[in-house]
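# Secondary and tertiary structure notes
Now for the letters of each chain:
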Amino acid sequence: MSFKEGTQQGNKMKKRITFIPVKPGRQIGSLLPGMCVAVCIFIGVAQQGFAQDAALTGVWKHSQDANEQAQRYAAIDEATKGMNRMMQGRAREMLRAKTVPESGLNLSDGGNRVTFAGQNHRVTFNTDGSPTRVQSERGTATVRAKRENGKLVVTSQAQNGVQTTVYRVSEDRTRLTIDISISGDKLNKPVRYRATYQRSSR
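In this text the structure is predicted, and so the values were computed from the model without any measurement. (Residues numbered from 1 in each chain as written. Predicted model: local features only at pLDDT ≥ 70, side-chain atom pairs only at ≥ 80, totals over all residues. Heavy atoms only, no water.)

### A look at the environment of S170
Relative to the assigned elements, S170 resides in the loop between β8 (161-169) and β9 (175-184). A relative accessible area of 15% means that S170 is categorised as buried. For the pair S170 and Q198, spaced 28 residues apart in the sequence, the C-alpha separation amounts to 9.9 Å. A distance of 2.6 Å separates polar atoms of two side chains, one belonging to S170 and the other to D172. (Helix = DSSP H or I, 4+ residues; strand = E, 2+ residues; numbered from the N terminus. Buried < 20%, exposed > 50% of the residue type's maximum accessible area, 1.4 Å probe, protein only. Polar contact = N/O pair within 3.5 Å; in protein donor to acceptor, adjacent residues only side chain to side chain.)

Set out below in structure tokens:
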């Protein structure tokens, strides 16, 4: 794809996306009532078409790793300690389900904008730290994205919790590491876990 074609296709995509500016600090609805911000707003299948081919752009396949899952479950168990038994069971079940990494990602990184899309949603936001209001079937959140030392840091703020997702591509651009941290009003401590992906040709 030429630079001109990429720009034209990117402009077409932008016409299909609604950006809702919000004031900093504005409180918004919780994605997981009584718990914390929903996971995976930013992980999904995105369409390519932006002019600049940044490191994140491409198709990524999740590396199935039993150790990653065990560490994720352990982090959830630790974060939900201290809850009463009924609430703890529900919270652990919900968090385990919501934090399952996507099996595949297709990301479009336009440098000053990044697009993530899932089966039922697509979101594009600027990487200058400005707020974008994102709405999905799980609720509403305010998203901010910025570049830090070669990484993309995405923060999602909902009424009762915050999710920070850090995307880092290896020097040879073959591996994508995603570190996620979830904090919430009802959690004893943040849930921190990692998902690793390998670049794929399809």
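Moving on from the model shown.
### Quick look at the packing of aromatic side chains
Within the structure shown, the criterion is met by zero aromatic pairs. Between the NZ or CZ atom of R96 and the centre of the ring of Y73, over which it lies, the distance is 3.9 Å. (Phe/Tyr/Trp six-rings, centres within 6.5 Å; stacked < 30°, edge-to-face > 60°. Lys NZ or Arg CZ within 6 Å of the ring centre and 35° of its normal.)

### Some thoughts on unusual backbone geometry
At N149, a residue that is not glycine, the phi angle is positive and equals roughly 50°. Assignment of secondary structure puts N149 in the loop between β6 (139-148) and β7 (151-158). At R173, a position not held by glycine, the phi torsion is positive, near 65°. Looking at the element boundaries, R173 is found in the loop between β8 and β9.

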